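Survey of secondary and tertiary structure
Listed below are the residues making up each chain.
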Amino acid sequence: MVDSENNVRDGGLECVSFTVCGQVYCLNIMMIREIRRWASVTTLPHAEAHVLGVINLRGSVIPVFDLAVHFGLGQTAPGPRNVVIIADVEGQSSGLLVESVSEILTVDKADIQDPPKVGKGHHSSLIEGLISVGDDMAQLIDLRHISQNRKDTAA
């Protein structure tokens, strides 16, 4: 479940929690390069529905994904209240459009539960584990699968 690439200190994983369509997700803090306010993107012709377009980040072209579409939750209406998480995955930077960023969590590895096997395809493979956060559950995202999907669609 949680592998050696994750940021584990004293048995804990540090991650940033955020919301997508009212659902709580989290991402390993070591994958996050920065968090930015929403700014318009340059759309790409014939891009998949979850690819909003690209932004120029200090001279680098970064694709921006709508996680809501990627998870099959509908589309996020980009606006000034949204944020883009810039994450590095296997040497590739990607932007992730989310509703809001909530907090930094430190979670014991033993408290990360395996997700149930109820879905098919790459949508369910993005969820690495489930974490109890108060009365809610946060879904720990494994962005390596987004990166693999980018490579597969580019071929």
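Data block above holds the structure.
Scope of this entry: the structure provided in the associated data block. (Residues numbered from 1 in each chain as written. Predicted model: local features only at pLDDT ≥ 70, side-chain atom pairs only at ≥ 80, totals over all residues. Heavy atoms only, no water.)

**Structural notes on the side chain of Asn82**
Filter applied, for reference: For helices the rule is a DSSP run of H or I covering at least 4 residues; for strands it is a run of E covering at least 2, with both sets numbered from the N terminus onward. Throughout, exposure labels follow a simple rule: accessible area from a 1.4 Å probe, protein chains only, divided by the maximum for the residue type, with under 20% read as buried, over 50% as exposed, and the rest as partly exposed. For this analysis, a polar contact is any N or O atom pair within 3.5 Å, provided that within protein one partner can donate a hydrogen and the other can accept it, and provided that sequence-adjacent residues contribute only side-chain to side-chain pairs. We call two residues in contact whenever any of their non-hydrogen atoms come within 4.5 Å of each other.
Along the chain, the position of Asn82 falls in the loop between helix 1 (67–70) and strand 7 (83–89). Classification of Asn82 as buried rests on a relative accessible area of 7%. For Asn82, the side chain forms a polar contact with the main-chain nitrogen of Gly79, separated by 2.8 Å. Among the polar contacts made by the side chain of Asn82, one reaches the main-chain carbonyl oxygen of Val98 at a distance of 3.3 Å. The residues touching Asn82, leaving out its near neighbours within four places in the chain, are Arg37, Trp38, Thr76, Ala77, Leu97, Val98 and Glu99.

**Quick look at the nonpolar core**
Which entries qualify depends on this criterion: Note on terminology: a nonpolar core comprises buried Ala, Val, Leu, Ile, Met, Phe, Trp, Tyr and Cys residues joined through side-chain atoms within 4.5 Å.
If you look at the biggest cluster of nonpolar residues, it comprises 23 residues, and the most contacted ones within it are Phe18, Leu27, Leu67, Leu96, Ile141 and Leu143. For this core, the secondary-structure elements that each account for two or more residues are strand 2 (12–20), strand 3 (23–28), helix 1, strand 7, strand 8 (92–98) and strand 10 (127–133). Here the element with the most residues in this core is strand 7; it accounts for four residues. Apart from the residues within four sequence positions on either side, Phe18 is in contact with Gln23, Val24, Tyr25, Cys26, Leu27, Leu67, Ile85, Val98, Ser100, Val101, Ser102 and Ile141.

**Some remarks on the packing of aromatic side chains**
Geometrically, a pair of aromatic rings is defined through the distance of the ring centres and the angle of the planes. Selection criterion: Geometry of aromatic contacts follows a simple scheme: Phe, Tyr and Trp rings, the Trp one being its six-membered ring, pair when their centres are within 6.5 Å, and the pair is stacked under 30 degrees between planes, edge-to-face over 60, tilted otherwise.
Inspection of the entire model under this criterion finds two aromatic pairs. Between Tyr25 and Phe71, the aromatic rings sit 4.8 Å apart at their centres with planes inclined by 5°, giving stacked as the arrangement. A residue pair is termed long-range when its members are at least 10 positions apart, and Tyr25 in strand 3 and Phe71 in the loop between helix 1 and strand 7 qualify at 46 residues. Exposure remark for Phe71: the relative accessible area of 14% places this residue in the buried category. A connected cluster of aromatic rings, assembled from ring pairs, spans Phe18, Tyr25 and Phe71.

**Thoughts on the pattern of salt bridges**
Worth spelling out the cut-off: Salt bridges, as used here, are contacts in which a Lys or Arg side-chain nitrogen is within 4 Å of a carboxyl oxygen on Asp or Glu.
Inspection of every chain in the model, using the stated rule, returns two salt bridges. Between Glu34 and Arg36 there is a salt bridge, and its shortest N-O distance comes to 3.3 Å. When the shortest N-O distance is used, the salt bridge between Arg58 and Glu34 registers 2.3 Å. Here Glu34 lies in strand 4 (residues 32–37) and Arg58 lies in the loop between strand 5 (51–57) and strand 6 (60–66), a separation of 24 residues in the sequence. With relative accessibility at 59%, the residue Arg58 sits in the exposed group. Glu34 gets classed as buried once you look at its relative accessible area, which sits at 18%. Among the charged side chains, a network of salt bridges with common partners joins Glu34, Arg36 and Arg58.

**Describing the environment of Ala77**
Following the sequence through the fold, Ala77 ends up in the loop between helix 1 and strand 7. Among the residues examined, Ala77 registers a relative accessible area of 64% and is labelled exposed. Once the C-alpha coordinates of Ala77 and Asp66 are considered, the two residues, 11 residues apart in sequence, prove to be 9.5 Å apart.

Bear in mind that shape data such as this cannot, by itself, settle questions of function.
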